[in-house]
Amino acid sequence: MQTNFTPAQLADPDVAESEKILRKCVHCGFCTATCPTYVTLGNELDSPRGRIYLIKDMLENGRPADAEVVTHIDRCLSCLACVTTCPSGVDYMHLVDHARAHIEKTYKRPFMNRLTRDLLAAVLPYPGRFRLALHLARLGRPFAGLMRGAALKPFAAMLALAPRRLPAASDLSKPGTYRSEAERRGRVAILSGCAQPVLDPGINAAAIRLLTRLGIEVVAPEGEVCCGSLVHHMGGAEQALQSARANVDVWTREIETQGLDAIIVTASGCGTTIKDYGHMLRLDPAYAVKAARVSALAKDITEYLATLELPAHMPRGITVAYHSACSMQHGQRITLAPKSLLKAAGFTVRDPAEGHLCCGSAGTYNILQPEISATLKARKVRNIEATKADIIATGNIGCITQIATGTAIPILHTVELLDWAYGGAMPEKLTGLPLG
């Protein structure tokens, strides 16, 4: 793609990076075939190629974002299926990140849209506030029908997604060091997260139980905060960088005192962002090297477990439909490890059709774009249910929350099934089901 940026524009490192990304695009259109919004809406401007044209025009002309650009960029899920498909290596992730930050700096959103986004940024990254908000959602649920007008649709979506019962906090959610039960084979940190410990604290608890049984010491360091992913994808670049710096400081302390073999992440959306800390903080002289080291140590729980020796199991007679979260398969390019681990643990694993397409969760997308999200969820659930599986497994809390509202099939994190297979208790969600 030809570009016409001025030397003055290219003096901005973000613009210079975006210019290099734009020049790689050859207009082939392969990305349109795997883009969930293009497949759903059929609008070229809701495809990666169309968005690239909009972003190029906006940045090249140095103009503020307008309503058309914002509409189509906001509809992007950041699922990164286009990155997997692109034969030219276009780094769409960082291009759209730059576009979102430019939008937030130059475009004044309508009042209700600003209010919704500010509320999400002020609540979701903070577990205490998030838990309180979910309790308040119970009071608001009877009024959900009154919120289906355009301006209040996101609030209706929030109420629909809010669980009717919150699980009790796990003792394993607290900061601390969890000693290995067998001879120590390694030491890792684990990301506590923000939404996940409220919605499903059993995920990290299962990971800690399994790792410690396998001889891995696990530390949940004091001072961890949200990874920054939620606000990052809403264009809140500075808030995301503040979170990244805080976490880099926490993990660097652990690395430099007792050492870490890995930083374990059990939410693939968070993992994609943490693995990008090195890029996000590349221009910060105080953090560039530390952030790159943290990113290099970040591992999805299944990615790390695949490096350990685990005993093979006999078949259990249980069929698992594996839903590969977009942040797992496209963001981190982890495709084989989760399924291989489940098979080795004795489960029969089935791949749903159209596994490359997003379920519609995508961080806050199912709140901010509820209609498109609902269409994608329905499509995903149809494909999953067609496998006739007993259980659904995935590696991201957003996908778990989204898909669970559309099917009666129990959906769990992959590590919960692995913990059960290797000596842990049966997950509560499976209690009463005719399973082995």
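Preceding this section is the structure that the text describes.
Residues numbered from 1 in each chain as written. Predicted model: local features only at pLDDT ≥ 70, side-chain atom pairs only at ≥ 80, totals over all residues. Heavy atoms only, no water.

Colleague: Looking at this structure, I do not really get the sheet that holds strand S6 (residues 319-322). What am I missing?
Modeller: Note on sheets: strands pair through backbone hydrogen bonds, and any given pair is parallel or antiparallel. An order of S7-S6-S8-S9 is seen for the four strands of this open sheet, with the pairing classed as parallel. Bordering the open sheet on either side are strand S7 (348-350) and strand S9 (411-413), each of which pairs with just one other strand. Each adjacent strand pair in this sheet contributes to an overall mean axis angle of 35 degrees, direction not counted. Bridge count between strand S8 (residues 391-394) and S9: three bridges; the pairing is parallel. Looking at the pairing, Ala393 lines up with Leu412 of S9. Helix H24 (residues 414-421) rests against S6, S8 and S9 of the sheet, and its axis sits at about 80 degrees to S9. (Pairing = 2+ DSSP bridges. Helix = DSSP H or I, 4+ residues; strand = E, 2+ residues; numbered from the N terminus. Axes fitted to C-alpha atoms, helices over the stretch in contact; angles between N-to-C directions. Contact = heavy atoms within 4.5 Å.)

Colleague: Would you take a moment to explain the environment of Asp276 for this structure?
Modeller: Examined against the element boundaries, Asp276 turns out to sit in the loop between helix H15 (268-274) and helix H16 (277-280). Residues Asp276 and Ser295 lie 19 residues apart in sequence; the distance between their C-alpha atoms is 6.3 Å. Leaving out residues up to four positions away in the same chain, Asp276 has contacts with Met93, His94 and Ser295.

Colleague: It is not clear to me how the packing of helix H4 (residues 48-60) against helix H7 (residues 92-106) should be interpreted in this structure. Could you clarify?
Modeller: Relative orientation and spacing of two packed helices are given, respectively, by the angle between their axes and the distance between those axes. With their axes 11 Å apart at the nearest point, H4 and H7 run at an angle of 50 degrees to one another. By the angle between their directions, the pair H4 and H7 is classed as oblique. For H4 against H7, the interelement crossing comes out left-handed. On the side of H4, the interface is formed by Pro48, Arg51, Ile52, Ile55, Met58 and Leu59, while H7 contributes Tyr92, Leu95, Val96, His98, Ala99 and His102. Across the contact of H4 with H7, the residue classes tally to nine nonpolar, two polar and one charged. (Parallel < 35°, antiparallel > 145°, perpendicular 65-115°, else oblique. Left-handed = near helix turned anticlockwise from the far one by under 90°. Nonpolar A, V, L, I, M, F, W, Y, C, P; charged D, E, K, R; others polar.)

Treat this as a map of the structure, not an account of what it does.
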